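# Summary of structural features
Listed here are the chains, written in short residue letters.
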Amino acid sequence: MKPIIDRETNQVNYGIYDDLIDFNYQDFTLKNFWDKKVGWFKNKKTFKKFHFISFSNNEYIIGVAFVDVGLAFNVFGYVYHHNHSVITKWNKTIMKMTFEANPDKHSIKYQSKKIVINVEKDINQNFIKGHFFYKDKIDINYHVNLSLTNKPLRVLNPTDLNHWSFTAKRAGLALKFINLKINNNVININTNNTLVCTDWSAGYFNSSTNWIWGCAAVKIGNDNIGFNFCTLNNNALYPENAVWFNDERQHYNHILFKWNYDEPYKYGMKIYNGEKTIDLDFKPFGQTDDVHNRGLGLIKTNFHQFFGEYTGFITCNQRKIQIKCLGLFELHKSLW
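Residues numbered from 1 in each chain as written. Predicted model: local features only at pLDDT ≥ 70, side-chain atom pairs only at ≥ 80, totals over all residues. Heavy atoms only, no water.

Here the focus is the nonpolar core. Among the nonpolar cores identified, the biggest contains 53 residues, and Phe23, Phe55, Phe66, Ile117, Phe132 and Trp164 are the most heavily contacted of them. Of the residues forming this core, the biggest block, eight residues, is contributed by strand β14 (residues 164-182). Ignoring any residue separated from it by four or fewer positions in sequence, one finds isoleucine 117 in contact with Phe66, Val75, Ile94, Met97, Ile108, Lys109, Tyr110, His131 and Phe132. (Core = buried A, V, L, I, M, F, W, Y, C linked by side-chain atoms within 4.5 Å. Buried < 20%, exposed > 50% of the residue type's maximum accessible area, 1.4 Å probe, protein only. Helix = DSSP H or I, 4+ residues; strand = E, 2+ residues; numbered from the N terminus. Contact = heavy atoms within 4.5 Å.)

Written out as structure tokens, the structure is:
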């Protein structure tokens, strides 16, 4: 397994990782603006982790996220229905939680009277399993198959001269099973037409982090289609842009976005490229957002994740695919 950090030189091995990883982040020596080694507290505060999984079909989008912001943890998510309504959503800060830093094999665990979190991922054993319970709002169990044969996009990038970040993304995975209750009511989800998108990210992000992100998955006949596009996230060397057709993947270097921050519902959004192999329009129907100061103002978030419909086409290995499906589009700003 290739280590992400050279233990002798402290050099970060930037690139695309299609094999199992030695995620030896603890061997990295974090330095400040003046190239001086930072202390334990600063290192812990700066290293952050993120796990997101979503389930979508032509009726629902379900999102569950766990975030390690360095000194605390944030748990958020939602269940959105195609009639343009959010059935339920949650956003909770937790001070202590098990959140292992290994993209190939890790667990996320927490338990109290109101919240139960139990997520297990093992890419070598081909699974992501999860159980999340929060009061009576949400009770969800799921099992997704994910291995390296599914060609997730795993990239390691500099975020500036002294910081780096790693992300592993995959859109359009098949769902093995899901059980969902909202307010103690069983919600039936058709596993045959429901696809999964995943994101596991970790690293030393900039104190000011921004991105624009679009993601969706759709089943067309017997084929699973997914895409993930992102910009303004400092990942210029190895971008987080990919399209999947079943287990084929095409990696895109340059993707363009068009958006109106003031009136997104009026003007919508667009994702495209100069080669004209990507051309998607996004019409937002609703959103979940997080606009808060946390930690005495030391952590600020201003993000808007829109639910809506993608129309247009994408291209995977010279295969042009017409798209019409529910998906996500996010405008994100944070100071942490």
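Following the structure, the description resumes.
What the rule picks out here adds up to 28 aromatic pairs. Look at phenylalanine 23 and phenylalanine 166: their rings are 5.5 Å apart centre to centre, the planes differ by 70 degrees, and that puts the pair in the edge-to-face class. In this pair, phenylalanine 23 sits in the loop between β3 (21-22) and α1 (40-46) while phenylalanine 166 sits in strand β14, placing the two residues 143 residues apart along the sequence. According to the relative accessible area criterion, phenylalanine 23 is buried, its value standing at 7%. Residue classification places phenylalanine 166 among the buried positions, given a relative accessible area of 1%. Joined through ring pairs, the aromatic side chains of Tyr17, Phe23, Tyr25, Phe28, Phe47, Trp164, Phe166, Trp200 and Tyr204 make up one cluster. (Phe/Tyr/Trp six-rings, centres within 6.5 Å; stacked < 30°, edge-to-face > 60°.)

This paragraph deals with the pairing of strand β11 (residues 127-134). For a regular strand, the rule is simple: side chains alternate between the two faces of the sheet. With eight bridges connecting them, strand β10 (residues 115-122) and β11 associate as antiparallel partners. Looking at β11, one finds that lysine 121 is bridged to isoleucine 128. Connecting β10 to the antiparallel partner β11 that follows it, the hairpin turn spans four residues, and asparagine 126 within it adopts a positive phi of roughly 70 degrees. Where β11 meets strand β12 (residues 138-144), seven bridges bridge the pair, whose relative direction is antiparallel. Counterpart to tyrosine 134 in the pairing with β12 is isoleucine 138. Hairpin connection from β11 to β12: three residues lie between these consecutive antiparallel strands, with lysine 135 at a positive phi of about 50 degrees. (Pairing = 2+ DSSP bridges.)

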